[in-house]
Protein chains: 2
Amino acid sequence: MTTKVFSARAIEQLPERYRANFINSLSGFKSANLVGTRSINGVNNLALISSVFHVGANPPLVGMIMRPHTVVRDTLSNIKETGVYTINHVHSAIVEKAHQCSARYAANVDEFKAVGLHADISSTINAPFVAESRIKIGLELAQINVIELNQTELVIGRIVEVSVGASFLLDDGYVDIEKADSVAVSCLDSYHRTERIDRYSYAKPEQALDSIWKKRTMENTHDPKS
Amino acid sequence: MTTKVFSARAIEQLPERYRANFINSLSGFKSANLVGTRSINGVNNLALISSVFHVGANPPLVGMIMRPHTVVRDTLSNIKETGVYTINHVHSAIVEKAHQCSARYAANVDEFKAVGLHADISSTINAPFVAESRIKIGLELAQINVIELNQTELVIGRIVEVSVGASFLLDDGYVDIEKADSVAVSCLDSYHRTERIDRYSYAKPEQALDSIWKKRTMENTHDPKS
């Protein structure tokens with residue numbers, strides 16, 4: 001296999017667009033989520049965010065990286081103003097509508113209506129969920145830190161509500177996001193379905209791994225009745 | 001579809017192990033990377049990290065969330081002591097060895113040897129690459145921030161070297177990590193291959209999306225000769 005090697009200097013000299021694609025590809029697969037917010041004027045907003053990541057389970061924290069003054073500016077200002085937002089998984093049937101949410105709509109445009117998705121009202125927080133989504137999370141803003149290195153903002157929220165299709169939830173708390181058809185993202189614009197290789201047991205030194213998934217499948221307990 | 005709804009209070013009261021699986025599932029698919037470091041005593045270390053994420057392309061920055069005093073403690077202290085580390089994509093053929101790296105080996109154990117992977121020497125930084133990996137990134141530590149909410153540490157590195165199989169690199173800078181067989185992770189222990197749905201054009205209001213991937217495939221230019 002021929003390998004291409006890029007030095008720091010070579011990376012610096014890449015054309016801007018090429019470098020954006022190149023560097024965005026390197027971290028690996030990302031999550032695909034629609035972030036729902038509502039402005040103080042009551043306009044719903046929906047943004048496609050591929051930078052959502054797990055921060056911790058206790059307390060339940062989720063982070064995302066946002067760049068001010070870009071297409072997510074309305075999302076970011078709504079979060080700062082209302083202190084709440086929703087994260088909604090993208091599955092393959094809504095990928096095109098989700099990607100369309102990354103267009104730079106004016107602040108007074110409701111992206112739900114513009115792309116043809118539907119807003120679900122939350123009884124607990126003042127932010128809209130995506131009705132079509134199969135895994136929906138309501139969050140309260142916990143903190144925002146500016147990353148001085150590039151002036152992006154790290155937004156961390158605390159999970160205060162979760163809606164998940166009962167058939168995706170296993171008895172050990174694992175949510176089968178593949179069964180929910182949640183997609184993965186690579187780079188800025190590529191969407192991928194997944195196919196499970198396996199789930200493995202907690203690794204210990206000098207001990208062979210056990211397959212959790214095949215075992216479950218054999219015992220036919222991976223799909224709890226609901 | 002029956003939906004299960006969890007309130008903040010219900011989440012708080014979940015058993016610890018269940019909650020860890022549950023919350024870890026919710027953010028969506030994650031990257032699967034092996035992080036290579038070397039101790040000041042010259043012992044190579046390799047850790048499986050599913051929290052690597054893109055921070056920015058210019059300067060080229062990558063972040064990861066690490067919890068001190070856990071199995072990644074050696075990785076974290078090596079990064080702090082040497083200021084450098086490598087990030088290496090996991091592909092399906094090395095998934096089990098990669099997962100085994102998440103076992104709690106003693107600080108004087110070289111995980112490369114323990115799990116049967118091979119270390120490649122870097123000419124530029126004092127940290128080992130994974131020879132088997134198809135996409136390898138060398139980084140210099142840029143900053144570490146403690147996230148006070150849960151005492152995890154956000155480690156941000158600047159990319160100073162990239163090695164990528166030439167056949168995975170497209171002419172617009174996109175790295176075809178699916179062709180490289182890079183895997184995605186869900187929750188703590190599930191690994192997934194991917195199948196591309198499509199790449200889409202840059203979204204604009206009132207304009208239909210274009211398919212980049214099918215177009216490329218038809219023009220047969222998505223697989224540049226190298």
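You'll find the structure just up there.
Quick caveat: nothing in here was measured; it's all calculated off a predicted structure.

Analysis parameters
- Residues numbered from 1 in each chain as written.
- Chains lettered and ligands numbered in written order.
- Predicted model: local features only at pLDDT ≥ 70, side-chain atom pairs only at ≥ 80, totals over all residues.
- Heavy atoms only, no water.
- Buried < 20%, exposed > 50% of the residue type's maximum accessible area, 1.4 Å probe, protein only.
- Helix = DSSP H or I, 4+ residues; strand = E, 2+ residues; numbered from the N terminus.
- Contact = heavy atoms within 4.5 Å.
- Buried area = accessible area lost by both parts, 1.4 Å probe.
- Salt bridge = Lys/Arg side-chain N within 4 Å of Asp/Glu carboxyl O.
- Polar contact = N/O pair within 3.5 Å; in protein donor to acceptor, adjacent residues only side chain to side chain.
- Nonpolar A, V, L, I, M, F, W, Y, C, P; charged D, E, K, R; others polar.
- Pairing = 2+ DSSP bridges.

## Focus: helix 3 (residues 73–82) of chain B
Residue and element names in this part refer to chain B.
Turning to step 1, where the next piece is worked out: Inspection of helix 3 places D74, T75, L76, N78 and I79 among the buried residues, and these make up the whole buried set.
Turning to step 2, where the next piece is worked out: Buried residues along helix 3 sit in contact with strand 3 (33–38), strand 4 (44–49), strand 6 (60–66), strand 7 (84–89), strand 10 (135–147) and strand 11 (152–165).
Turning to step 3, where the next piece is worked out: Positive phi shows up at G83, right after helix 3, with a value of about 75 degrees.

## Some remarks on helix 2 (residues 16–26) of chain A
Residues and elements named next belong to chain A.
Turning to step 1, where the next piece is worked out: Burial analysis of helix 2 places eight of its 11 residues in the buried class, the great majority of the element.
Turning to step 2, where the next piece is worked out: Burial in helix 2 covers these residues: Y18, R19, N21, F22, I23, N24, S25 and L26.
Turning to step 3, where the next piece is worked out: Two residues or fewer past helix 2, G28 is found with a positive phi of approximately 110 degrees.

## Some remarks on the interface of chain B and chain A
Turning to step 1, where the next piece is worked out: At the interface, 102 residues of chain B touch 102 residues of chain A.
Turning to step 2, where the next piece is worked out: For the pair chain B and chain A, the summed buried area comes to about 8,800 Å², and 63% of that belongs to carbon and sulfur atoms.
Turning to step 3, where the next piece is worked out: One can count two salt bridges joining chain B with chain A.
Turning to step 4, where the next piece is worked out: For R199 of chain A, the salt bridge goes to D189 of chain B, with nearest N and O atoms at 2.8 Å.
Turning to step 5, where the next piece is worked out: For the pair chain B and chain A, the interface holds 46 residue pairs in polar contact (both at pLDDT 80 or more).
Turning to step 6, where the next piece is worked out: For the side of chain B that touches chain A, the per-class residue count stands at 51 nonpolar, 31 polar and 20 charged.
Turning to step 7, where the next piece is worked out: Where strand 13 (residues 190–199) of chain A meets strand 13 (residues 190–199) of chain B, nine bridges bridge the pair, whose relative direction is antiparallel. Counted as the bridge partner of T194 of chain A is T194 of chain B from strand 13 of chain B.

## Examining the sheet that holds strand 13 of chain B
Turning to step 1, where the next piece is worked out: The strand order 2(A)-12(A)-13(A)-13(B)-12(B)-2(B) describes an open sheet built from six strands, whose pairing is antiparallel. In the strand order of this sheet, the two ends are held by strand 2 (30–31) of chain A together with strand 2 (30–31) of chain B, each with one partner.
Turning to step 2, where the next piece is worked out: The sheet contact formed by strand 2 of chain A and strand 12 (residues 184–186) of chain A spans two bridges and is antiparallel. In the sheet register, S31 of chain A faces strand 12 of chain A, and the bridge partner there is A184 of chain A.

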